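# Per-entry structural report
Take a look at the letters that make up each chain.
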Amino acid sequence: MKGTRKAQKPKTGREAGSPAGGKRVTLPRALSKLGFCSRTQAEALVREGRVTVGGRVTTDTETWVDLSDAVIAVDGTRVAAEERVYLMLNKPRGLVTTRHDPEGRPTVFDCLKHLDHAHLSPVGRLDKASEGLLLFTNDTEFAQALLDPETHVAKAYHVQMDRKADPEVLDAMMRGVSHDGDLLRATKVRTVREGERNSWIEVVLDEGKNRQIRRMLEALGIECLRLLRVSIGDLALGDLEKGAVRTLTEEEVASLRRRIAARRAGRPG
């Protein structure tokens, strides 16, 4: 009598091989890459038993799948790759950069109500008091590359402060100032225009520390009156009206991708 063969435990991604940039990814990552939801949301769906792979329910968030041929469904409906969407918003002051705010404050998604934004996410954040260029996409890899410190694309801001722009202040911002243990530095700083009691400066950052410009000015004893993001790489806010949204052109997306590639290659981005 032949002995029964012991069932083998499915190989993990490391055992099965999952080369970087390949098609093999974990199931939550697959749902994220397909634009269905965020990875955190996907993990919850898997644990709840709502996801099938090849018709079989799996509740293991470490399940590896091949995106080139896996048949993945959520609640019985097959998940297919969504058309990639890339949007820019001229964020008004007073909106928080989140989908749902527990305090009931207005959010940036209020500006997208006329669109199907279920799977769109903001690329980074602008705080409530800040304005200007904010990107949205369902392309998670593109968003992560823009936010990755190693491929961080330069961003330019116009900042109104409560005094004239002394050269010493601008030099200090480029040399770096300390705030709560962080050394905060701008790549470029220049005066845009001056009034009798305040001035506008342009600040370019190639890193993305939380509230970086406001913290730099605070460390220098300067009040930030307004802060407006005007560009990301070659992508400029232009004359887009406050609260308006538009789709990025193919060339604009390609330009940002070139910037990311340049940063990966060690060139300025």
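All of the points below concern the structure found in this document. (Residues numbered from 1 in each chain as written. Predicted model: local features only at pLDDT ≥ 70, side-chain atom pairs only at ≥ 80, totals over all residues. Heavy atoms only, no water.)

### Thoughts on the sheet that holds strand 2 (residues 51-53)
Spatially, 4 strands are ordered 3-2-5-6 in an open sheet, and the strand pairing comes out antiparallel. The open sheet has two edge strands with one neighbour each: strand 3 (56-57) and strand 6 (77-78). Inspection of the sheet shows strand 2 paired to strand 3 by 2 bridges, in the antiparallel sense. Among the inter-strand pairings, V53 is bridged to a residue of strand 3, identified as R56. (Pairing = 2+ DSSP bridges. Helix = DSSP H or I, 4+ residues; strand = E, 2+ residues; numbered from the N terminus.)

### Structural notes on the pattern of salt bridges
All told, the structure shown has 17 salt bridges when counted by the stated rule. The salt bridge partner of R226 is E131, with a shortest N-O separation of 2.9 Å. Note that R226 is positioned in strand 15 (residues 224-232) and E131 in strand 9 (residues 131-137), a separation of 95 residues in sequence. Given the relative accessible area of 31%, R226 is considered partly exposed. Judged by relative accessible area, which is 3%, E131 ranks as buried. In this structure, E251 engages R258 in a salt bridge whose closest nitrogen and oxygen atoms are separated by 2.5 Å. Judged by its relative accessible area of 47%, E251 is partly exposed. A single salt-bridge network, built from bridges that share partners, covers R29, K33 and E141. (Salt bridge = Lys/Arg side-chain N within 4 Å of Asp/Glu carboxyl O. Buried < 20%, exposed > 50% of the residue type's maximum accessible area, 1.4 Å probe, protein only.)

### Quick look at helix 5 (residues 167-175)
Three- or four-residue spacings in an α-helix give side chains the same orientation, since the helix completes a turn every 3.6 residues. Of all the positions in helix 5, only V169, L170, A172 and M173 are classed as buried. Angularly, the buried residues of helix 5 cover 160° about the axis, an arc narrow enough to put them on a single face. Among the exposed residues of helix 5, those pointing more than 90 degrees away from its buried face are P167, E168 and R175. Next to the buried residues of helix 5 lie strand 11 (177-179), strand 12 (182-184), strand 13 (188-194), strand 14 (199-205) and helix 6 (212-219). (Arc of directions from axis to C-beta. Contact = heavy atoms within 4.5 Å.)

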